[in-house]
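Remarks on the overall topology
Residues per chain are reported as follows:
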Amino acid sequence: MDLAREAALSRSTFFERFRREVGVAPMEYLLGWRMALAKDRLLRKASPWRKWPYA
């Protein structure tokens with residue numbers, strides 16, 4: 001889905017407004033969000049290495 005089209009804005013106007021409101025560019029926001037999801041999934045996954053005692 002093209003968010004700019006859904007918002008009835010040009011891509012450049014959407015980019016400018018998103019950056020002004022959120023504080024980062026849309027792709028930078030998306031990357032951070034995806035990394036947070038990946039981190040959460042890695043921490044929740046019951047991996048064998050998590051069962052090892054810390055020495």
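Here the structure is a predicted model, which means the values were calculated and not measured.

Residue placement: Ser-10 occurs in the loop between helix 1 (3-6) and helix 2 (11-22). Under the relative-accessibility criterion, Ser-10 is labelled partly exposed at 37%. Polar contacts involving the side chain of Ser-10 include one to the side chain of Ser-12, which spans 3.3 Å. Within the local environment of Ser-10, its side chain forms a polar contact with the side chain of Thr-13, the two groups lying 2.9 Å apart.

Another aspect to go through is the environment of Phe-15. Along the polypeptide, Phe-15 turns up in helix 2. Here Phe-15 falls in the partly exposed class, since its relative accessible area comes to 37%. Remark: the alpha-carbon pair of Phe-15 and Ala-25, spanning 10 residues in sequence, is separated by 6.7 Å. The contacts of Phe-15, once residues within four sequence positions are left out, are Ala-25 and Pro-26.

So, about the packing of aromatic side chains. What the rule picks out here adds up to two aromatic pairs. With a centroid separation of 5.9 Å and an interplanar angle of 40°, the aromatic rings of Phe-14 and Phe-18 are classed as tilted. Placement of the pair is Phe-14 and Phe-18 together in helix 2, with a separation of four residues, close to one helical turn. Across the pair, Phe-18 and Phe-14 agree in class, each one buried. Aromatic pair Phe-18 and Tyr-29: ring centres 5.7 Å apart, planes at 70°, arrangement edge-to-face. Placement of Phe-18 in helix 2 and of Tyr-29 in helix 3 (residues 26-44) is noted, with a sequence separation of 11 residues between them. Classification of Phe-18 by relative accessible area gives buried; the value is 19%. Exposure remark for Tyr-29: the relative accessible area of 43% places this residue in the partly exposed category. Three or more aromatic residues joined by ring pairs make a cluster, and in this case those are Phe-14, Phe-18 and Tyr-29.

Procedures and definitions
- Residues numbered from 1 in each chain as written.
- Predicted model: local features only at pLDDT ≥ 70, side-chain atom pairs only at ≥ 80, totals over all residues.
- Heavy atoms only, no water.
- Helix = DSSP H or I, 4+ residues; strand = E, 2+ residues; numbered from the N terminus.
- Buried < 20%, exposed > 50% of the residue type's maximum accessible area, 1.4 Å probe, protein only.
- Polar contact = N/O pair within 3.5 Å; in protein donor to acceptor, adjacent residues only side chain to side chain.
- Contact = heavy atoms within 4.5 Å.
- Phe/Tyr/Trp six-rings, centres within 6.5 Å; stacked < 30°, edge-to-face > 60°.

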